[in-house]
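Coordinate inspection notes
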Amino acid sequence: MIPLHYRQELVGYLSLFRNEIDTETFWAGTFDPDNRQLYPRISFNLWLESKQGQAQQWTDTEIELAIEISKHFASAIHQYELYQQVQSFNETLEKQVHKRILEMQKTGEQQQALFAVINRIRESIDTDTMFTTTTKEVSQLIKSDRVSLYKFNTDWVGEFVGDFDATSTKYLDKSKLGINTIWNDTYLQGTQGGRYRNNETYSVDDIYKMGFTPCHIDNLKQFHIYAFVLAPIFISKKLWGLLCTYQHAGPRQWTTSEVNSISQIAGQLGVVIQQAELLVETQQHAEQLTQTLHELETTQTQLIQTEKMYSLGQLVAGVAHEINNPVNFISGNLTHIHEYAKNLLIMLNLHQQELTNPSKNILDKSEQIDLEFLMEDLPKSLSSMKIGVDRIRQIVLSLRNFSRLDESEMKDVNIHDCIDSTLLILQNRLKAKPESPGIELIKEYGDLPLVACYAGEINQVFMNILCNAIDTLETSKTYTLENPKPGRITVSTTVGVINDTVNSAVIRIGDNASGIPSAIRDRIFDPCFTTKPVGKGTDLGL
């Protein structure tokens, strides 16, 4: 027997067996049949029998071979034990893997359902729709009797803002829960949210096994709540409310996956509520910005128009001033020149009467300069110059009245003078041209009193509208050989009433062109709207 060791550990014994050996010995010598060899033969046979079944002696080589074999046996036994352990481990591992796969499949299905619920919640923009979707989807996912959303107020007295009852009308009247139901919880009020401030989800399988006070149990029984899960809803770091899952039928063993799903939905719901509130704030800010931008555009348009017209008024006033100075000089001297010329002509007549026989040089010069025509035409030329200077002075006065830089405040104004000043400035555009006849102007003025207004801005209005009328008549070409109808602008004024109580001046400016298309007519008062090409008009709109 050889002990079997593997790494100094006895794992068994190796027993080696061999067959017995017989030593075969023959009688040597002469065999005598007589009795002389009887006893020696008997002794020889006895000795021969003792030599049968003898053990064979082990040699050193055989012992060494047996030891080597024992070592291999010990290693084989250890390997077999390892194999058995590995087989057992593999079987256990396979069972665990199979169990884990089933758990992962179930978890994956739950996660997919959870993500689907969260996505449907995220699709809701309106908070009421979001609350309805959340309670319904969570109830269907967890298969609970009721799911509600509880929102804290500033004093930690909350109310239900969302509710879904999966039991139809079975507990609807009994539970007394629903939207706008106020639940005063002294624990939550005293601790300002209690455990939920620490983002802890609280699950109760059976209200009778949680050690609640009788008052607490009575309060829960009042709403037919026998098991529940409450998950906190945070917006940023502030506790907004609770996602409440209730069981009305009786106690319920909430699984870990169910509690985790409710907690995850509550966390995502806080993000969605915050996004919805931010969206509402953004929309309100956008509306305010739109309104502010509209007011800014209107103000900017008015400022641009005021600046443009003020610059134009300055230019007109400057031109009028520069023209007025030399015109006044000419007008002032024309009176004297007219008097001087008159006296010179009288003196010339006296010379002609006294000098009856003028010299040949005087006669030649008189004939050369056509003295008689000169004496007759000079007074007429001076009178024409006087009329031209007066005309220039009228134009300068009209330009000054149009600009009215010294009348920026509201004051009583003669509207007819404003219209006439504007028409005088536009007189050149009303005259006939080689390519088109003149534009006929018809004025139908009523008996208007003085009107309190900004004279400079009123003049700008008249100028823009009259220019639009002239542009339209020139563009439409109402006068043709087939239709010899000249362009016509009619300006009429009368006294009217606004809102049946306020007296007002009504000014109508019309033309006989093709009119304004309806698509454009709805936009004529939009800021900066124009139908004119670039470079024409003021681009300010009416």
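Each residue is numbered by its place in its chain's sequence as written, counting from 1. At least 70 in pLDDT is required for a residue's local features to be given in this predicted model, at least 80 for side-chain atom pairs to be given and counted, and no such filter applies to totals for whole chains, interfaces and linings, which use all residues. Values shown for side chains rest on all heavy atoms present in the structure; no hydrogens or waters enter the calculation.

1. A few points about the overall build of the protein chain
Selection rule: In this description a helix means any DSSP run of H or I spanning at least four residues, a strand means any run of E spanning at least two, and both kinds are numbered starting from the N terminus. Only protein chains enter the calculation, and the probe is 1.4 Å; a residue is then buried if its accessible area is under 20% of its type maximum, exposed if over 50%, and partly exposed in between. Contacts were defined at the residue level, with two residues in contact if any of their heavy atoms lie within 4.5 Å.
Along the backbone of the protein chain there are 13 helices and 13 strands. Expressed as a percentage of its 542 residues, the buried residues of the protein chain come to 29%. Taking all contacts inside the protein chain whose residues are at least 6 apart in sequence as the whole, residues at least 24 apart take part in 63%.

2. Here we look at the environment of Arg 7
Structurally, Arg 7 can be placed in the loop between strand 1 (2–6) and strand 2 (9–14). On the basis of relative accessibility, which here comes to 72%, the residue Arg 7 falls in the exposed class.

3. Description of the sheet that holds strand 12 (residues 488–498)
Rules: Strand pairing is assigned whenever DSSP identifies at least 2 bridges connecting the two strands. Interaxial angle, 0 to 180 degrees, is taken between N-to-C directions of lines fitted to C-alpha atoms, where a helix line uses only the stretch in contact.
Judged by pairing direction, the sheet is mixed, and its 3 strands sit side by side in the order 10-12-13 without closing on themselves. The two strands at the open ends of the sheet, each matched to only one other strand, are strand 10 (440–444) and strand 13 (502–511). Between one strand axis and the next, the sheet turns by 20° as a mean value, whatever way the strands run. Bridge count between strand 10 and strand 12: 5 bridges; the pairing is parallel. By the bridge assignment for strand 12, Glu 444 is matched with Ser 492.

4. Considerations on the sheet that holds strand 4 (residues 158–165)
Strand order in the open sheet formed by 6 strands is 5-4-3-8-7-6, and the pairing between neighbours is antiparallel. Across the chains shown, the open sheet's two edge strands, defined by having one partner strand only, are strand 5 (182–183) and strand 6 (202–204). The pairing of strand 3 (residues 146–151) with strand 8 (residues 238–247) spans 6 bridges and is antiparallel. By the bridge assignment for strand 8, Leu 149 is matched with Leu 243.

5. With respect to helix 12 (residues 455–476)
Residues lying three or four places apart along an α-helix face the same way, a consequence of the helix completing one turn every 3.6 residues. To be explicit about the condition: Working rule for helices: expected span equals 1.5 Å times residues minus one.
Across its 22 residues, helix 12 extends 32 Å between first and last C-alpha, which sits within 8% of the 32 Å expected from 1.5 Å per residue. Among the residues of helix 12, Ala 455, Gly 456, Asn 459, Gln 460, Phe 462, Met 463, Leu 466, Cys 467, Ala 469, Ile 470 and Leu 473 are the ones counted as buried.

6. Observations regarding the packing of helix 10 (residues 415–425) against helix 12
Between two packed helices, both the angle of their axes relative to each other and the distance between the axes serve to describe the pair. As a reminder, the rule being used: When an angle is under 35 degrees it counts as roughly parallel; over 145 it counts as roughly antiparallel; between 65 and 115 it counts as roughly perpendicular; any other value is oblique. Crossing handedness is defined as follows: a turn of the near helix away from the far one that is anticlockwise and smaller than a right angle gives a left-handed crossing, while the clockwise case is right-handed.
The interhelical angle for the contact between helix 10 and helix 12, taken along N-to-C directions, is 45°, at an axis separation of 9 Å. On the basis of their axis angle, the class for helix 10 and helix 12 is oblique. For the pair helix 10 and helix 12, the crossing hand works out as right-handed. On helix 12, the residues that touch Ile 415, Cys 418, Ile 419, Thr 422, Leu 423 and Ile 425 of helix 10 are Ile 458, Asn 459, Phe 462, Met 463 and Leu 466.

7. Regarding the packing of aromatic side chains
Definition in use: Pairing of aromatic rings covers Phe, Tyr and Trp, the last through its six-membered ring, and needs centres within 6.5 Å; plane angles under 30 degrees mean stacked, over 60 mean edge-to-face, and all others mean tilted.
With the rule as written, the count across this model stands at 5 aromatic pairs. Look at Tyr 202 and Phe 228: their rings are 6.0 Å apart centre to centre, the planes differ by 65°, and that puts the pair in the edge-to-face class. With Tyr 202 in strand 6 and Phe 228 in strand 7 (residues 227–235), this pair connects stretches of sequence that are 26 residues apart. Pair check on accessibility: Tyr 202 and Phe 228 agree, each one buried. Three or more aromatic residues link up through ring pairs in this structure, and these residues are Tyr 150, Phe 152, Trp 156 and Phe 160.

8. Observations regarding helix 10
Put simply, the test is: N or O atoms within 3.5 Å of each other form a polar contact, as long as, within protein, one can give a hydrogen and the other can take it, and as long as residues adjacent in sequence are counted only when both atoms are side-chain atoms.
Of all the 11 residues making up helix 10, 8 are buried; the element is thus mostly covered by neighbouring parts of the structure. Buried within helix 10 are the following residues: Ile 415, His 416, Cys 418, Ile 419, Ser 421, Thr 422, Leu 423 and Leu 424. Its side-chain oxygen placed 3.0 Å from the backbone nitrogen of His 416, Asn 414 serves as the N-cap of helix 10.

9. Some points on the nonpolar core
The nonpolar side chains of a soluble globular protein tend to be buried with one another. Put simply, the rule is: Throughout this description, the term nonpolar core refers to a set of buried Ala, Val, Leu, Ile, Met, Phe, Trp, Tyr and Cys residues connected via side-chain atoms within 4.5 Å.
One finds Ile 233, Leu 243 and Ile 273 to be the most contacted residues of the largest nonpolar core, which totals 26 residues. A per-element tally of this core places helix 7 (residues 256–354) first, with 8 residues. Not counting residues within four places of it along the chain, the set of residues in contact with Ile 273 comprises Met 130, Phe 131, Ile 233, Ile 235 and Trp 240. The next biggest cluster of nonpolar side chains, apart from the first, holds 23 residues, and it includes Val 204, Leu 220, Phe 223 and Ile 225.

10. Structural notes on the pairing of strand 12
Note that strand 12 and strand 13 share 10 bridges and pair antiparallel. Considered in strand 13, the bridge of Gly 496 is made with Ser 504.

11. Quick notes on the pattern of salt bridges
To keep it simple, the criterion reads: Salt bridge, as used here, is a side-chain nitrogen of Lys or Arg placed within 4 Å of a carboxyl oxygen of Asp or Glu.
Per the stated rule, a full pass over the model turns up 11 salt bridges. The partner of Lys 71 in a salt bridge is Glu 68, with the nearest N and O atoms 3.8 Å apart. In this pair, Lys 71 and Glu 68 are both assigned in helix 2 (residues 60–122), 3 residues apart and thus about one turn of the helix distant. Look at Glu 68 and you get partly exposed, because its relative accessible area is 40%. One connected set of salt bridges, linked through shared partners, spans Arg 146, Asp 163 and Asp 165.

12. Notes on the confidence of the model for the protein chain
The criterion, for reference: Confidence of the predictor in every single residue is expressed as pLDDT, which spans 0 to 100.
In the predicted model, the protein chain carries a mean pLDDT of 80, and 85% of its residues have values of at least 70. Ranking the helices and strands of the protein chain by mean pLDDT puts strand 10 first, with 92, and helix 4 (residues 172–175) last, with 50.

13. Here's the deal with the state of the cysteines
Keep this limit in mind: Cysteine sulfurs are considered disulfide-paired once they come within 2.5 Å of each other.
Enumeration according to the criterion identifies 0 disulfides in this entry. Of all cysteine sulfurs in the structure, the one in Cys 418 sits closest to Cys 453, which takes part in no disulfide; the separation is 6.1 Å. Cys 453 gets classed as buried once you look at its relative accessible area, which sits at 8%.

14. Quick notes on the pairing of strand 8
Strand 8 sits mainly inside the fold: 9 of its 10 residues count as buried. Where strand 7 and strand 8 come together, 9 bridges link them in antiparallel fashion. Looking across to strand 8, one finds that Ala 227 is bridged to Gln 247. If you look at the hairpin formed by strand 7 and strand 8, you'll find 2 residues sitting between the two strands, and Ser 236 has a positive phi there, around 60°.

15. Quick look at the side chain of Ser 139
Here Ser 139 is to be found in helix 3 (residues 127–142). Under the relative-accessibility criterion, Ser 139 is labelled buried at 3%. In this view, Ser 139 contacts Ser 144, Val 147, Phe 164 and Ala 166; residues no more than four positions away in its chain are not counted.

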